[in-house]
Amino acid sequence: MRGAKIIGTGKALPPRVVTNADLTKLMDTTEEWIVQRTGIRERRFVDPGTGAAALGTEAARAAIAAAKMEPRDIDFIVFATVSPDYFFPGCGVYVQEWLGLPTIGALDVRTQCTGFLYGLSVAEAYVKGGFFDHVLVIGAEVHSTGLDLSTAGRDVSVIFGDGAGAAVVGPAEPGDGILSSHMHAEGKYAKDLMLEAPASIEHPRLSHEMLDAGRQYPKMNGRYVFTHAVRRFPEVIREALAANGFSLEDLSIVIPHQANLRITQAVAGALGVPVEKVFSNIEKVGNTTAASIPIALDECIEQGKIRKGDLVCLAAFGSGFTWASTLIRW
Ligand code: UT7
């Protein structure tokens, strides 16, 4: 069977920078609290009119250009997001339209912070199996329009930002590129990080009462999520290494989902690797859910942190709970 590798990456960050000081004008919080508890100093918010599909399309254009390809070379789209422009259809169809592509398929993935890695595993399987030659994988979020930016929502709202990242996956020599993907889920913890409304189990799925109760905002049992994250990240990274006969010393860099700087530091500690080996850009972009890994990956490439031959591990944990890793020989 042939291999599959990432041949181009790109990102799109909305121009509007929202600092912690800006948030202090909206809610009872402080610069110190946010920096100490999360490591975040600023994030980006879109201006009205820009949705996840538009950000994702911009990131996709950059990834296709980096792969030295034309949009028409793409055979299939995978779009990961928890903040689609609309309840339906998914965002992938807009990318197909806006890139001017023929009637290729477009699949939306709904696994929250692990969405990009689940999506990448779909691309990996399609390319390795010979179904498609070039698959576009996008992670994009517009959180800012769905956050409770009052004091009542401060524990959740200060961590999230908007943005998008994308990768083009194409054929590789066997043993080169994406070595393996590892995905897990534990639905019994679904309620610990969720957004309830609109909800098709409700009649109607959105009511004034639901809005008054703030059920349209994400709710998170922060400490509980934190505890699981610091256990599952190291576990799923070790799983990827073991599956391919590698040890921690072989790893060049870990690119984790940017959930919280303290989680990233705890992961480095638990693995016993220097903190510089675990990439972080949360200070500038916040937590962008499905977009965070492809944005971070693109930055690593831009900054020359990944070289040919490096062993790179991508890892994520989040709502669901779901967690995942991807091991790549670059
Ligand atoms: O990406 C998806 C996965 N998500 C994650 O991995 C997030 C995991 N969790 C976290 O990152 C952290 O739990 C948070 C950053 C969300 C919260 O940090 P924490 O250290 O767990 O704080 P906490 O929620 O336990 O709250 C501690 C205190 C509380 O006050 P009391 O009860 O001790 O008086 C909160 O009311 O901090 C208060 N607090 C705030 N104070 C100022 C909560 N949010 C804020 C805020 N500003 N924004």
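Residues numbered from 1 in each chain as written. Predicted model: local features only at pLDDT ≥ 70, side-chain atom pairs only at ≥ 80, totals over all residues. Heavy atoms only, no water.

Peer 1: How would you explain the overall build of the protein chain if you had to name every residue and give the values?
Peer 2: When you go through the protein chain residue by residue, the secondary structure sums to 11 helices and 13 strands. Taking 330 residues into account, the globule formula puts the C-alpha radius of gyration at 20 Å, and the protein chain, at 19 Å, falls close to it. Each principal axis of the C-alpha atoms in the protein chain carries an extent, and together these give about 55 × 50 × 35 Å. Buried residues in the protein chain amount to 54% of all 330 residues. Nonlocal contacts in the protein chain, meaning residues at least 24 apart in sequence, comprise 78% of its contacts between residues at least 6 apart. On the protein chain, roughly 14,100 Å² of surface is accessible, and the fraction owed to carbon and sulfur atoms is 53%. (Helix = DSSP H or I, 4+ residues; strand = E, 2+ residues; numbered from the N terminus. Rg over C-alpha atoms; globule rule 2.2 N^0.38 Å. Buried < 20%, exposed > 50% of the residue type's maximum accessible area, 1.4 Å probe, protein only. Contact = heavy atoms within 4.5 Å. Areas by Shrake-Rupley, 256 points an atom, 1.4 Å probe, with all protein chains shown as cover.)

Peer 1: Give a description of the pairing of strand S12 (residues 311-318) that names residues and reports values.
Peer 2: Most of S12 sits inside the fold, with eight of its eight residues counted as buried. Taking every second residue as pointing to the same face, both faces of S12 are buried, with Leu-311, Cys-313, Ala-315 and Phe-317 on one and Val-312, Leu-314, Ala-316 and Gly-318 on the other. Strand direction decides the pairing type here: strand S11 (residues 253-256) and S12, joined by four bridges, are parallel. Looking across to S12, one finds that Val-254 is bridged to Cys-313. What sits between S12 and strand S13 (residues 322-329) in their antiparallel hairpin is a turn of three residues, with Gly-320 showing a positive phi close to 140°. (Pairing = 2+ DSSP bridges.)

Peer 1: Run through the site of the ligand, naming residues and quoting values.
Peer 2: Lining the immediate environment of the ligand, one finds 20 residues, of which Thr-29, Arg-37, Arg-223, Asn-260 and Asn-287 sit closest. Arg-154 places a polar side-chain atom, nitrogen or oxygen, 3.1 Å from an oxygen atom of the ligand. Contact between the ligand and His-257: an oxygen atom at 2.9 Å from a side-chain N or O atom of the residue. Alone, the ligand offers 950 Å² of accessible surface; in the complex the protein occludes 76% of this. Among the elements of the structure, helix H2 (31-38), helix H6 (154-157), helix H8 (222-243) and helix H9 (261-271) are those that each provide at least two residues to the shell around the ligand. (Near = heavy atom within 4 Å. Polar contact = N/O pair within 3.5 Å; in protein donor to acceptor, adjacent residues only side chain to side chain.)

Peer 1: For the nonpolar core, give the residues involved together with the corresponding values.
Peer 2: Membership of the largest hydrophobic core comes to 31 residues, with the highest contact counts inside it found for Leu-117, Leu-120, Val-137, Val-169, Ile-255 and Leu-314. At six residues, the largest contribution of residues to this core is made by helix H5 (residues 115-128). In contact with Leu-117, other than residues within four places in its own chain, are Ile-293, Leu-314, Ala-315, Ala-316, Ala-324, Ser-325 and Thr-326. (Core = buried A, V, L, I, M, F, W, Y, C linked by side-chain atoms within 4.5 Å.)

Peer 1: Quick one: what's the story with the environment of Ala-80, residue by residue and with numbers?
Peer 2: Mapping Ala-80 onto the fold places it in strand S4 (residues 76-80). For Ala-80, a relative accessible area of 1% translates into the label buried. Distance in space between the C-alpha atoms of Ala-80 and Val-137 is 7.8 Å, their sequence separation being 57 residues. Not counting chain neighbours up to four residues away, the residues in contact with Ala-80 comprise Val-109, Gly-115, Phe-116, Ile-138, Gly-139, Ala-140 and Ala-290.

Peer 1: Could you give me a rundown of the packing of H8 against H9, with the residues and numbers involved?
Peer 2: The description of two helices packed together rests on the angle between their axes and the distance between the axes. Orientation of H8 relative to H9, taken along the N-to-C sense of each, is 45°, at an axis distance of 9 Å. Judged by the inter-axis angle, H8 sits oblique to H9. H9 is crossed by H8, and the crossing has right-handed handedness. Here Phe-226, Ala-229, Val-230, Phe-233, Pro-234, Ile-237 and Arg-238 of H8 lie close against H9, whose contacting residues are Arg-262, Ile-263, Ala-266, Val-267, Ala-270 and Leu-271. Tallied by class, the residues present in the contact of H8 with H9 amount to 11 nonpolar, no polar and two charged. (Axes fitted to C-alpha atoms, helices over the stretch in contact; angles between N-to-C directions. Parallel < 35°, antiparallel > 145°, perpendicular 65-115°, else oblique. Left-handed = near helix turned anticlockwise from the far one by under 90°. Nonpolar A, V, L, I, M, F, W, Y, C, P; charged D, E, K, R; others polar.)

Peer 1: An account of helix H11 (residues 292-302) is needed here, citing residue identities and associated values.
Peer 2: Of all 11 residues in H11, nine are buried; the element is thus mostly enclosed. Looking only at H11, the buried set comprises Ser-292, Ile-293, Pro-294, Ile-295, Ala-296, Leu-297, Asp-298, Glu-299 and Cys-300. Elements that come into contact with the buried residues of H11 comprise strand S1 (3-12), H5, strand S6 (135-141), strand S7 (163-172), S11 and S12. Backbone geometry just after H11 places Gly-304 at a positive phi near 70°.

Peer 1: Please provide a residue-by-residue account of the domain arrangement of the protein chain, values included.
Peer 2: Domains assigned within the protein chain are domain 1 (3-173) and domain 2 (178-329). Distance between the C-alpha centres of domain 1 and domain 2: 14 Å. Opposite the 49 residues of domain 1 that make contact, domain 2 presents 49 residues. Note on domain 1 versus domain 2: buried area summed over both sides is about 3,800 Å², and carbon and sulfur give 63% of it. One salt bridge in this structure joins Glu-283 and Arg-41, with 3.3 Å as the shortest N-O distance. Across the domain 1-domain 2 interface, the total number found is 22 residue pairs in polar contact (both at pLDDT 80 or more). Those elements that provide at least two residues to the side of domain 1 that touches domain 2 are S1, H2, strand S3 (42-44), H5, S6, H6 and S7. (Domains from an automatic or database assignment. Buried area = accessible area lost by both parts, 1.4 Å probe. Salt bridge = Lys/Arg side-chain N within 4 Å of Asp/Glu carboxyl O.)

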